[in-house]
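# Chain and residue survey
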Amino acid sequence: MRTIDKYLSTRAEAREIADAYSLRYWIAEVSRRTGELLLERGDAERARECFAEALEIAGRQGARILQLRAAMSIARQEEARGDKAAARDAVAPVLASFPKDADFVDIRRARDLAHTLGAAR
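Calculation notes
Residues numbered from 1 in each chain as written. Predicted model: local features only at pLDDT ≥ 70, side-chain atom pairs only at ≥ 80, totals over all residues. Heavy atoms only, no water. Axes fitted to C-alpha atoms, helices over the stretch in contact; angles between N-to-C directions. Helix = DSSP H or I, 4+ residues; strand = E, 2+ residues; numbered from the N terminus. Parallel < 35°, antiparallel > 145°, perpendicular 65-115°, else oblique. Left-handed = near helix turned anticlockwise from the far one by under 90°. Contact = heavy atoms within 4.5 Å. Nonpolar A, V, L, I, M, F, W, Y, C, P; charged D, E, K, R; others polar. Salt bridge = Lys/Arg side-chain N within 4 Å of Asp/Glu carboxyl O. Buried < 20%, exposed > 50% of the residue type's maximum accessible area, 1.4 Å probe, protein only.

## Quick notes on the packing of helix α5 (residues 64-80) against helix α7 (residues 105-117)
- At a minimum axis distance of 10 Å, the contact between α5 and α7 shows a crossing angle of 30°. Here α7 runs roughly parallel to α5, going by the angle between their axes. Considering only the axes of α5 and α7, their crossing is left-handed. For the pair formed by α5 and α7, the contact residues are I65, L68, R69, M72, A75, R76 and E79 on the first element and D106, I107, R109, A110, L113, T116 and L117 on the second.
- Its residues placed into classes, the contact of α5 with α7 shows 8 nonpolar, 1 polar and 5 charged.

Here it is, written out as C-alpha cells:
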C-alpha cells in the first residue's frame, strides 16, 4: 500500500484517538493534511472539501494558526488552478487577524504567499 493510501485509511483512527485523548484541537490539522495528500493523489475536489473543513473547525475552535494553515492550503490550490483572486481571498482575511508584528514561521509563510499573490499586508 502506498504511503498516501495508508495515511488516508487511518484518518478515522486519528480522529478517534483525538477524541479519546481530548486532542480535538488537532482535528483541523488532520483534515488539512488529508487534503494535502488527496491533492497530491489528484483528488482536487475532496482536497478542497478537507481544506474547507479544516478552516471551519479551526475557526470554530479559535485555533488561528491552524486556520491560517488551512487558508494557505486553499490559497495554494486556488493559485495552482490559476485563480489568484480566490487565493488572495482565502489567505488575506485570516492573515489580517494577526498583529502586524507577529513573527511565527506560519505567519511569515502566509505573508510570503500573500505577497506572491499581490495581496496587501
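## Some details on the pattern of salt bridges
- Within the structure shown, the criterion is met by 12 salt bridges.
- E29 is the salt-bridge partner of R69, the closest N and O atoms lying 3.3 Å from each other. Within this pair, whereas R69 is found in helix α5, its partner E29 is found in helix α3 (residues 27-41), the two being separated by 40 residues in sequence.
- For R69, the salt bridge identified is with D106, shortest N-O distance 3.1 Å. Of the two residues, R69 is situated in helix α5 and D106 in helix α7; the sequence distance between them amounts to 37 residues.
- In this structure R69 comes out as partly exposed when scored by relative accessible area, which is 22%.
- By relative accessible area, D106 is classed as buried at 12%.
- Connected through shared salt-bridge partners, E29, R32, R33, E36, R69, R76 and D106 make up one network.

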